[in-house]
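Residue strings, one per chain:
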Amino acid sequence: MDRRSLIKNAGIAGVLAAGVAPAVHAQAAVRWRLASSFPKSLDTIFGSAEKLSSAVKAMSGGKFEISVHPAGELMPAFGVVDALQGDTIDMAQTAAYYFTGKDPIFAFSCAVPFGLTTLQMAGWKDHGNGRKLLDAFFEKYNFKTASAGNTTTQMGGWYRKEIKTVADLKGLKMRMGGGVFGEAMAKLGVVAQNMPAGDVYQALEKGTLDAVEFVGPYDDEKLGFNKVAPFYYYPGWWEGSADLEFFINIKKYNALSPENKAILDAATRVAAADMTAKYQVLNPIALKNLVANKTQLKPFSKELMDAGFKASMETFAEHEAKSPEFKKIHQDMRAFQKDQILWNRFSEYPFNQYMAQVKLP
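Residues numbered from 1 in each chain as written. Predicted model: local features only at pLDDT ≥ 70, side-chain atom pairs only at ≥ 80, totals over all residues. Heavy atoms only, no water.

**With respect to the overall build of the protein**
Move 1: Each helix and strand counted, the protein has 13 helices and 11 strands in total.
Move 2: Expected size for 361 residues packed as a compact globule is a radius of gyration near 21 Å; at 21 Å, the protein falls within 12% of this value.
Move 3: Along the first, second and third principal axes, the C-alpha atoms of the protein reach 65 × 55 × 45 Å.
Move 4: Evaluated residue by residue, the protein yields a buried proportion of 51% over its 361 residues.
Move 5: Taking the intrachain contacts of the protein between residues at least 6 apart in sequence as the baseline, contacts between residues at least 24 apart amount to 76%.
Move 6: Per element, the accessible surface of the protein, about 16400 Å² overall, is 56% carbon and sulfur. (Helix = DSSP H or I, 4+ residues; strand = E, 2+ residues; numbered from the N terminus. Rg over C-alpha atoms; globule rule 2.2 N^0.38 Å. Buried < 20%, exposed > 50% of the residue type's maximum accessible area, 1.4 Å probe, protein only. Contact = heavy atoms within 4.5 Å. Areas by Shrake-Rupley, 256 points an atom, 1.4 Å probe, with all protein chains shown as cover.)

Have a look at this one:
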């Protein structure tokens, strides 16, 4: 099959999978810069940006290249939204809830307490109203979004002491992603702190922090949290999933040729699928390593989960009362979630419940 037939029959993503760069009409080479909010050491998350870059280069035959820069190289980890607004970068890779100081609505694009699972988030964004509503909001910040990969359901964090009751949370200094989650935890007495991943270990070691939540076993082990906090709790009720994203400068995107837009769109999907799949493979291996090295796994009590749910719903209600746009997006997400929970009762939930009880060969 010749190149023209392959592209016609396989589509752009299929071309990438086949390892063949499509012919691109003669045009000026495009060179973009991507600033990540994450360090290179997080090969799962930062690796998604690298996967994007290699996919774009391969599909364009080198005519479109994106250089990838870790947190701190071009700007601080949390400076990427301002840089997009100022047109100083072409795109970013980040977690939207890092920017809830600008507006709490940012959190819906990544994770909110008692929110959507990985598959539910993909459905809401790509085939529900999620991405349409969120990108309409993000337009004022000069970017549109594309998923960079999902961490899946996260763990509940590392603690220097046991958390047996809600009272044990009072005064606890904890690093967390921010946004609605931080406000809900504040109602339970937690002193929430938002800081880049690379700064957390030292703060935990020195006692500046009492606890930290980040992602899950693989990333957490790489960052060394188990060496300074022995108790590892689950589940991360504030992140039923966390959708990391590419923030794409709208002006720069609109200036791309139709071919390069298609290449970029396809490459984001390749990168997102790669990251999510990596977590499925790496997390169970890392969890076994952590337990073998004396990490103490602990479930959150029902009392604590119920208190977290109550505090979270109160926080959502407070924001709804202040912002019609927040209310519109929140209510849309919850309506979608209700249907998903109904379907899950007859699909994945009973299947997973049964499989967890049987002995596999």
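And the narrative resumes.
**A closer look at the packing of helix α2 (residues 45-60) against helix α10 (residues 258-292)**
Move 1: Where α2 meets α10, the closest approach of the two axes is 8 Å, and the angle between their N-to-C directions is 145°. Seen along the crossing, α2 lies across α10 with a hand that is right-handed. Two secondary-structure elements touch here, α2 through I45, S48, K51, L52, A55, V56, M59 and S60 and α10 through N260, I263, L264, A266, A267, T268, V270, A271, D274, M275 and Y279.
Move 2: Of the residues in the contact of α2 with α10, the class split is 13 nonpolar, 4 polar and 2 charged. (Axes fitted to C-alpha atoms, helices over the stretch in contact; angles between N-to-C directions. Left-handed = near helix turned anticlockwise from the far one by under 90°. Nonpolar A, V, L, I, M, F, W, Y, C, P; charged D, E, K, R; others polar.)

**Looking at the UniProt feature "binding site: substrate" (unreviewed entry) in the protein**
Move 1: Summarizing the sequence annotation, UniProt attributes the feature "binding site: substrate" (unreviewed entry) to Q154, R175, E213 and E239 in the numbering used throughout.
Move 2: The topology assignment puts Q154 in the loop between β4 (143-150) and β5 (157-159).
Move 3: The exposure class assigned to Q154 is buried, which follows from its relative accessible area of 3%.
Move 4: Residues within four places of Q154 in sequence aside, it is in contact with E213, F214, V215, P235, G236, E239 and A242.
Move 5: Of the polar contacts made by the side chain of Q154, one reaches the side chain of T151; its length is 3.0 Å. (UniProt positions renumbered as here; feature names shortened; annotations may be inferred. Polar contact = N/O pair within 3.5 Å; in protein donor to acceptor, adjacent residues only side chain to side chain.)

**Thoughts on the UniProt feature "binding site: Na(+)" (unreviewed entry) in the protein**
Move 1: On the UniProt side, "binding site: Na(+)" (unreviewed entry) is annotated at positions that read F214 here.
Move 2: With respect to the secondary-structure elements, F214 resides in the loop between β8 (211-212) and α8 (217-223).

**Concerning the sheet that holds strand β7 (residues 191-193)**
Move 1: Strand order in the open sheet made by the 6 strands is β7-β6-β8-β5-β9-β11, with mixed pairing throughout. Here the strands that pair on one side only, and so sit at the sheet edges, are β7 and β11 (296-299). (Pairing = 2+ DSSP bridges.)

**A word on helix α5 (residues 130-138)**
Move 1: Most of α5 is tucked away: 7 of the 9 residues are buried.
Move 2: All buried positions along α5 are accounted for by G130, R131, L133, L134, D135, F137 and F138.

**Some words on the pairing of strand β2 (residues 64-69)**
Move 1: Relative to β2, strand β1 (residues 30-36) is paired through 6 bridges, and the arrangement is parallel. Bridge pairing links A35 to H69 in β2.
Move 2: As a crossover connection, the stretch from β1 through α2 into β2 is right-handed. (Right-handed = clockwise from strand over helix to strand, strands pointing away.)

**Observations concerning the nonpolar core**
Move 1: Membership of the largest hydrophobic core comes to 83 residues, with the highest contact counts inside it found for L52 and L264.
Move 2: Take this core: its biggest share by element is 8 residues, from α10.
Move 3: Other than its neighbours up to four places away in sequence, L264 contacts W32, L52, V56, F64, I66, M91, I248, Y253 and L256.
Move 4: L169, F181, L304 and A311 belong to the second-largest nonpolar core, a separate cluster that totals 22 residues. (Core = buried A, V, L, I, M, F, W, Y, C linked by side-chain atoms within 4.5 Å.)

**Structural notes on a nonpolar patch on the surface**
Move 1: There is a patch of nonpolar side chains on the surface, built from F351, Y354, M355 and L360 and spanning about 450 Å² of accessible area.
Move 2: Within the element layout of this structure, L360 appears in the segment after α13 (348-355).
Move 3: Here L360 falls in the exposed class, since its relative accessible area comes to 58%. (Patch = residues over 30% accessible without salt bridge, like charges linked within 9 Å, V, L, I, M, F, W, Y side chains within 5 Å. Salt bridge = Lys/Arg side-chain N within 4 Å of Asp/Glu carboxyl O.)

**Things to note about the sheet that holds β2**
Move 1: Sheet architecture is open: 5 strands sit in the order β2-β1-β3-β10-β4, paired in mixed fashion. Sheet topology places β2 and β4 at the edges, where each strand pairs with a single neighbour. With direction set aside, neighbouring strand axes in the sheet form an average angle of 25°.
Move 2: Examined bridge by bridge, β4 and strand β10 (residues 243-249) share 7 bridges and lie antiparallel to one another. Across the sheet, G149 pairs through a bridge with L244, a residue of β10.

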